[in-house]
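# Residue-level structural notes
Spelled out from the first residue to the last, the chains are:
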Amino acid sequence: MTPPRDSPRPEDPPIVPGRPRWWDRLCVAAFLVLWLIPVFWHGAVSRRIWPTEPRFLHACHDIACLFTTRPTSWNAYYVQVRGPGRPDWQTLDTREYFPMQPFGHRTRLHRFLIDWGSKGQRGRDEVAAFIFARHRELHPDRRQPGELRFVWTWFAPLEDRPPPGRWDPPPVEKLPANRMRILSVHRPEAP
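Keep in mind it's a predicted model, so treat the numbers as computed, not measured. (Residues numbered from 1 in each chain as written. Predicted model: local features only at pLDDT ≥ 70, side-chain atom pairs only at ≥ 80, totals over all residues. Heavy atoms only, no water.)

Bringing the side chain of His110 into the picture now. Along the chain, His110 turns up in helix H3 (residues 108-116). With relative accessibility at 8%, the residue His110 sits in the buried group. (Helix = DSSP H or I, 4+ residues; strand = E, 2+ residues; numbered from the N terminus. Buried < 20%, exposed > 50% of the residue type's maximum accessible area, 1.4 Å probe, protein only.)

Turning next to the confidence of the model for the protein chain. Averaged over every residue, the pLDDT of the protein chain is 78; residues scoring 70 or more account for 79%. Between the elements of the protein chain, mean pLDDT differs from a low of 69, seen in helix H2 (residues 55-65), to a high of 90, seen in strand S2 (residues 90-91). (pLDDT = per-residue confidence, 0-100.)

A surface patch of nonpolar side chains, about 620 Å² in accessible area, is lined by Val28, Phe31, Leu32, Val33, Leu34, Leu36 and Ile37. Its location among the elements puts Val33 in helix H1 (residues 22-45). (Patch = residues over 30% accessible without salt bridge, like charges linked within 9 Å, V, L, I, M, F, W, Y side chains within 5 Å. Areas by Shrake-Rupley, 256 points an atom, 1.4 Å probe, with all protein chains shown as cover. Salt bridge = Lys/Arg side-chain N within 4 Å of Asp/Glu carboxyl O.)

Moving on, we get to the sheet that holds strand S1 (residues 74-82). Across the sheet, which stays open at both edges, the four strands sit in the order S2-S1-S3-S4 with antiparallel pairing between neighbours. Every other strand in the sheet has two partners, leaving S2 and strand S4 (180-186) as the edge strands with one partner each. Those strands touched by H3 are S1 and strand S3 (147-155), and its axis lies near 110 degrees from that of S1. Each of S1, S3 and S4 touches helix H4 (residues 121-138); the most contacted strand, S4, lies at about 65 degrees to it. (Pairing = 2+ DSSP bridges. Contact = heavy atoms within 4.5 Å. Axes fitted to C-alpha atoms, helices over the stretch in contact; angles between N-to-C directions.)

Written out as structure tokens, the structure is:
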């Protein structure tokens, strides 16, 4: 009778479990150092960014922690325009310029403004130029805006009265002036 093919033959050396390769060890160490430990740190200890941590990894760690604490305030961004010689600013409905809303009530513009913060002047310049050009295309018969500004506001959510139904940011006119910061003001280039 012949032994089955899978069983070791008497002349074969004994099977010894293999040790992990150095590459496998390096991958596990990188996973622990770059992902697991920072996720634990951000979720359980502190939400602040580490001094040597890249910004995009910090955002990934925060998302992975999935809202372990609720925000103390909400932010909203507004685009306001005013005509030449007019003193009052009017809030522009950006859905016409940025129709996709992949982030609930927020558009890609809102996502960009969050990522740029107060240092994204070049990006805001490009977006302002786009809005001026798009406004000329969409409304050639209307008076064109002479200035455009990006406004950042923040407000505390009401715990006793949560917003019913679909939440939209409140009109900027209803927010106090001390909760409003003008990020930048832009003028159109000559068409």
